[in-house]
Amino acid sequence: MGAEALYETVAEKLRSQINGGVLNPGDQIPTEKELCEACGVSRITVRRAVSELEKEGILEKRQGKGTFVTTPGTGIDLREVNSFHEACRRAGVRPGTKVISAGYVKAAEADVSELKTVPGERVVETVRVRTADGVPVVLEKNRFSMAYSYLTECDLSGSLYALLREMGVEPSAAVHEISLRKTDREAAALLSVREGTPLIFLHEVIYDQKGRSLHNSDQFIRGDLFTFRV
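Residues numbered from 1 in each chain as written. Predicted model: local features only at pLDDT ≥ 70, side-chain atom pairs only at ≥ 80, totals over all residues. Heavy atoms only, no water.

## What to know about the overall build of the protein
Each helix and strand in the protein was counted, giving seven helices and 10 strands. In the protein, which comprises 230 residues, the proportion classed as buried is 42%. When the accessible area of the protein is evaluated, it comes to approximately 12600 Å², of which 49% is carbon and sulfur surface. (Helix = DSSP H or I, 4+ residues; strand = E, 2+ residues; numbered from the N terminus. Buried < 20%, exposed > 50% of the residue type's maximum accessible area, 1.4 Å probe, protein only. Areas by Shrake-Rupley, 256 points an atom, 1.4 Å probe, with all protein chains shown as cover.)

Here is the structure:
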């Protein structure tokens, strides 16, 4: 068996142990010596196999500690307009939502330009905490024009986009701005992090199937649990 096939065999053995629950997220994998003896290969072959799984995001090396199975995070592809529920299902985790509030607020300057509202007019605001397998990962504030006032009477504990699609509205395009911000006391409490913790801040403007502004969104996101693909 060639060197190429040998390292692939070792990599596949580790994948099978991870997928089969022999090795779980956070577990340390066997040492190089143990893998060499178990697979009957050289250290060079083991290192190549481990390196390959690191590139795939399955394993991670921790300085001075060893190599561990990574803890999978929830991810979303910014090239597509997907709901949080869809992103969770793709990642194999259970989505959840805690509705903090749903009502009306005075339109901010950004709402006027992004939602094409009138200065001083009210807008619909929903504030929710999104969870993955029960762990809070996103604090989300969405704002809509008053054309969507019916949302305040709806059950917002599920997929907002699924609800909109039932009303004939299809989220189809988005503009994103990503930065880092420190959490205030309220956001920190809702996301179970310390006040002042730097988190990913995502501002989005979502458009419907006719190119009209649908809503804007401000999100505080735990980057240790949630990732983006661009």
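Having seen the model, we can carry on.
## Let's talk about the side chain of Glu125
Inspection of the secondary structure assignment puts Glu125 in strand E5 (residues 122–132). Residue Glu125 is classed as buried on the basis of its relative accessible area of 11%. At 2.8 Å, the side chain of Glu125 forms a polar contact with the side chain of Arg143. Not counting chain neighbours up to four residues away, the residues in contact with Glu125 comprise Ser101, Ala102, Gly103, Val105, Lys141, Asn142 and Arg143. (Polar contact = N/O pair within 3.5 Å; in protein donor to acceptor, adjacent residues only side chain to side chain. Contact = heavy atoms within 4.5 Å.)

## Side note on the nonpolar core
The biggest cluster of nonpolar side chains holds 16 residues, and the ones touching the most others in it are Leu14, Ile29, Val50 and Leu59. Listing elements by their share of this core, those giving two or more residues are helix H1 (3–19), helix H2 (32–39) and helix H3 (43–55). Of all the elements, H1 adds the most residues to this core, at five residues. Counting residues in hydrophobic clusters, the runner-up holds 12 residues, among them Tyr148, Tyr161, Leu163 and Val169. (Core = buried A, V, L, I, M, F, W, Y, C linked by side-chain atoms within 4.5 Å.)

## Quick word on the pattern of salt bridges
Counting across every chain of the model gives 13 salt bridges. Salt-bridge contacts for Arg43 lead to Glu32; the nearest nitrogen and oxygen are separated by 3.0 Å. Taken together, the residues span a long stretch of sequence, with Arg43 in helix H3 and Glu32 in helix H2 at a distance of 11 residues. We classify Glu32 as partly exposed; its relative accessible area is 26%. Asp208 serves as the salt-bridge partner of Arg212, at 2.9 Å between the closest nitrogen and oxygen. Shared partners join several salt bridges into a network, and the residues in it are Glu32, Arg43 and Arg47. (Salt bridge = Lys/Arg side-chain N within 4 Å of Asp/Glu carboxyl O.)

## Remarks on the sheet that holds strand E7 (residues 173–182)
The strand order across the open sheet formed by six strands is E4-E5-E6-E9-E8-E7, and the pairing between neighbours is antiparallel. Of all the strands in the sheet, the pair left with one neighbour each is strand E4 (95–106) and E7. Neighbour-to-neighbour, the strand axes of the sheet open up by a mean angle of 15°, direction not taken into account. As paired elements, strand E6 (residues 135–144) and strand E9 (residues 213–221) share seven bridges and run antiparallel to each other. Residue Phe144 lies in a different strand from E9, and its bridge partner there is His215. (Pairing = 2+ DSSP bridges. Axes fitted to C-alpha atoms, helices over the stretch in contact; angles between N-to-C directions.)

## Here's the deal with the packing of H2 against H3
Close contact between H2 and H3 brings their axes to 9 Å; oriented N to C, the two are set at 105°. Between H2 and H3, the angle is such that the two are roughly perpendicular. Taking contact as the criterion, the partners of Glu32, Lys33, Leu35 and Cys36 in H2 are, on H3, Arg43, Val46, Arg47 and Val50. Split into classes, the residues belonging to the contact of H2 with H3 amount to four nonpolar, no polar and four charged. (Parallel < 35°, antiparallel > 145°, perpendicular 65-115°, else oblique. Nonpolar A, V, L, I, M, F, W, Y, C, P; charged D, E, K, R; others polar.)

## Details of the side chain of Ser145
The topology assignment puts Ser145 in the loop between E6 and helix H6 (160–166). With near-sequence residues (within four places) excluded, Ser145 lies in contact with Leu115, Thr117 and Val124.

## Regarding unusual backbone geometry
Its identity as a non-glycine residue notwithstanding, Lys116 has a phi of 60°, on the positive side. Positionally, Lys116 belongs in the loop between helix H5 (109–115) and E5. Assessed through its relative accessible area of 64%, Lys116 is described here as exposed. One non-glycine residue, Asp133, lies in the positive phi region at around 55°. Mapped onto the elements, Asp133 comes out in the loop between E5 and E6.

## Notes on the environment of Phe68
Locating Phe68 in the fold gives a position in strand E2 (residues 66–69). Overall, Phe68 belongs to the buried group, its relative accessible area being 10%. Spatially, the C-alpha atoms of Phe68 and Gly26 are 5.9 Å apart, while their sequence positions differ by 42 residues. What Phe68 contacts, discounting residues up to four positions off in sequence, is Gly26, Asp27, Gln28, Ile58, Leu59, Glu60 and Arg62.

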